[in-house]
Amino acid sequence: MIQRSILVTTLLTAALTGPAQTPTLREAFKDDFLIGMAINTRQIEEKDPAAARLIQQQFSAVTPENIMKAEIIHPGWDVYNFDLADKLVAYAQKNNIKVNAHNLIWHSQLPGYVHRINNADSLRTWFTNHITTIASRYDGKVYSWDVVNEALNEDGTLRNSVFLQKLGPDYLIEAFRLAQKAAPHTKLYYNDYNIEQPKKRAGAIALIKKIQAAGVRVDGVGIQGHWRANNVPMADIEASIREFSALGIEVMFTELDLGVLPNPWDNTTADVGQTAANRAGMNPYPGGLPDSVADIQAKAYADLFRLFLKYKGKVTRITFWGLDDGMSWLNDWPIRGRTNYPLLFDRNYQPKKAYFNVIATKQQP
Ligand code: 9MR
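Not measured: the values here are computed from a predicted model.

### Notes on the overall build of the chain
In terms of regular secondary structure, the chain is built from 14 helices and 9 strands. Here the chain has a C-alpha radius of gyration of 21 Å; the compact-globule value for 365 residues is 21 Å, and the two agree. Expressed as lengths along the three principal axes of its C-alpha atoms, the size of the chain is roughly 85 × 45 × 40 Å. When burial is assessed residue by residue, the chain has 55% of its 365 residues classed as buried. For the chain, the proportion of contacts with a sequence separation of at least 24, taken over those separated by at least 6, is 79%. As displayed, the chain offers around 15,800 Å² of accessible surface, 52% of which is attributable to carbon and sulfur atoms.

### Regarding the site of the ligand
Of all residues adjacent to the ligand, which total 14 residues, the nearest are Glu-65, Lys-69, His-102, Glu-255 and Val-272. Side-chain polar atom of Glu-65 to an oxygen atom of the ligand: 2.5 Å apart, as the coordinates give it. Within the side chain of Gln-109, a nitrogen or oxygen atom sits 2.9 Å from an oxygen atom of the ligand. Compared with its free state, where it exposes 460 Å², the ligand has 84% of that area covered by protein. Because more than half of its atoms lie within 2 Å of the grid, the ligand is assigned to the largest pocket. Looking at the shell around the ligand, its residues break down into 4 nonpolar, 6 polar and 4 charged.

### Brief notes about the confidence of the model for the chain
Overall, the predicted model of the chain reaches an average pLDDT of 93, with 93% of residues at or above 70. Long-range and interchain partners of residues 1–18, a stretch whose pLDDT sits below 50, account for 4 contacts in this model, where long-range means more than four residues apart.

### A look at the nonpolar core
With 110 residues, the main nonpolar core has Trp-126 and Phe-305 as its most contacted residues. Looking at this core, the element that brings in the most residues is helix H13 (residues 291–310), giving 10 residues.

### Section: the side chain of Thr-339
Its place among the elements puts Thr-339 in the loop between strand E9 (315–320) and helix H14 (353–363). Once you skip the residues sitting within four places of it in the chain, Thr-339 turns out to touch Leu-261, Asn-283, Tyr-285, Pro-286, Asn-331 and Arg-347.

### Observations concerning the packing of helix H8 (residues 120–137) against helix H10 (residues 171–182)
At a minimum axis separation of 8 Å, H8 and H10 run at an interaxial angle of 35°. Two packed elements cross with a definite hand, and for H8 against H10 that hand is right-handed. Of the residues in H10, those touching H8 at Arg-124, Phe-127, Thr-128, Ile-131, Thr-132, Ala-135 and Ser-136 are Tyr-171, Glu-174, Ala-175, Leu-178, Ala-179 and Ala-182. Classifying every residue of the contact of H8 with H10 by side-chain character gives 8 nonpolar, 3 polar and 2 charged.

### A few points about H10
The first and last C-alpha atoms of H10 sit 16 Å apart over 12 residues, in line with the 16 Å expected at 1.5 Å per residue. Within H10, burial applies to Tyr-171, Leu-172, Ile-173, Ala-175, Phe-176, Leu-178, Ala-179 and Ala-182. The inward-facing, buried residues of H10 abut strand E3 (98–106), H8, strand E4 (144–149), helix H9 (162–167), strand E5 (187–192) and helix H11 (198–213).

### A word on the packing of H13 against H14
Closest axis-to-axis distance for the H13/H14 pair is 8 Å, and the angle between their directions is 30°. Considering the angle they form, H13 stands roughly parallel to H14. At the point where H13 passes H14, the crossing takes the right-handed sense. Residues Asp-295, Gln-297, Ala-298, Lys-299, Tyr-301, Ala-302, Phe-305, Arg-306 and Leu-309 of H13 touch H14, and the partners they reach there are Lys-353, Ala-354, Asn-357, Val-358, Thr-361 and Lys-362. Split into classes, the residues belonging to the contact of H13 with H14 amount to 7 nonpolar, 3 polar and 5 charged.

### Some remarks on the environment of Ala-300
Note on placement: Ala-300 falls in helix H13. Taking the C-alpha atoms as reference points, Ala-300 and Arg-228, 72 residues apart in sequence, are found 9.1 Å from one another. Excluding its chain neighbours within four sequence positions, the residues that come into contact with Ala-300 are Ala-229, Val-232 and Leu-258.

Reading the values: rules and limits
- Residues numbered from 1 in each chain as written.
- Predicted model: local features only at pLDDT ≥ 70, side-chain atom pairs only at ≥ 80, totals over all residues.
- Heavy atoms only, no water.
- Helix = DSSP H or I, 4+ residues; strand = E, 2+ residues; numbered from the N terminus.
- Rg over C-alpha atoms; globule rule 2.2 N^0.38 Å.
- Buried < 20%, exposed > 50% of the residue type's maximum accessible area, 1.4 Å probe, protein only.
- Contact = heavy atoms within 4.5 Å.
- Areas by Shrake-Rupley, 256 points an atom, 1.4 Å probe, with all protein chains shown as cover.
- Near = heavy atom within 4 Å.
- Polar contact = N/O pair within 3.5 Å; in protein donor to acceptor, adjacent residues only side chain to side chain.
- 1 Å grid on protein atoms, 1.4 Å probe; cavity = no way out; pocket = protein on both sides within 12 Å on 5 of 7 lines; lining within 4 Å.
- Sits in = over half its atoms within 2 Å of the grid points.
- Nonpolar A, V, L, I, M, F, W, Y, C, P; charged D, E, K, R; others polar.
- pLDDT = per-residue confidence, 0-100.
- Core = buried A, V, L, I, M, F, W, Y, C linked by side-chain atoms within 4.5 Å.
- Axes fitted to C-alpha atoms, helices over the stretch in contact; angles between N-to-C directions.
- Left-handed = near helix turned anticlockwise from the far one by under 90°.
- Expected span 1.5 Å × (residues − 1).
- Parallel < 35°, antiparallel > 145°, perpendicular 65-115°, else oblique.

As structure tokens, this is what we get:
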């Protein structure tokens, strides 16, 4: 009897001091910044009740991982497929979650017919119709747009995309001008990876200044944040927050994940066009995340959140690129079929050590 009551007391104490008492991400950071995640089709359709509950409890913002990209939302010259995006807007309204729409102009995941347009006038017509039709439909329904995604090379010059080739360098100003007209109530952002790195950052700053100088609205910049847990460029990230916010715009971390697997290259990229073959040693943790690696990741996430809190007000949103480790794109990129662990929730939707460390940055800043 005595033993049983000790057990009950122990369980009760665990319940009170354990995860049940831990605030959720959206609660913990409610006075600091939005906390977002990249949402996929199954999650928008609430096919999995456990995932639906977790998203609703933990996140104050969502970014559609794929369904608002041109290839899905605008599959033919005159054909738009708004079904899933409309569902997403309804889902977000119901759950009091903000939508960052992703994205209007990106060289990747373009539908095939766009690649076959070979004269500049037709591409300009497509560009104008695409931005105007989609941005106006969701004005006032989504909170923000990634207007242009990944327009820069690593050296800060403009990527040689179909848009640069056919429309010239001012296509970026034009994209924001069209978005501003079509979506006057929606925040407009430029989004890219590695723009915390000095050369690419300088290119992004020049680009934003050029848009501003043209009298066109740009409200913020999204630094994607696909980094490795053992190598997060903290000094570059801090310099970027300062330099971008000095332009009078919001700074966001829009696709955060901290991978733990070996890099097949010696550079860092998030270019989905670059892939690598599998080879021995490239998938070291198929059976589970070792504690020593979980500790490195948890510390890296905590260091990052302490930095984000230092700049709250300038940093306005942190979005994770996925809900749980099982869903992450990093299981299949740059090498297919690996087992990665980049997020705060494990494959069973349980919070990881990194999650508790992130929350603790609020409790012991
Ligand atoms: O996570 C997305 C993955 O499901 C898609 O297959 C991929 C295709 O291009 O795009 C991924 O998301 C990318 C995002 O839209 C832009 N930045 C890089 C992201 C990871 O590749």
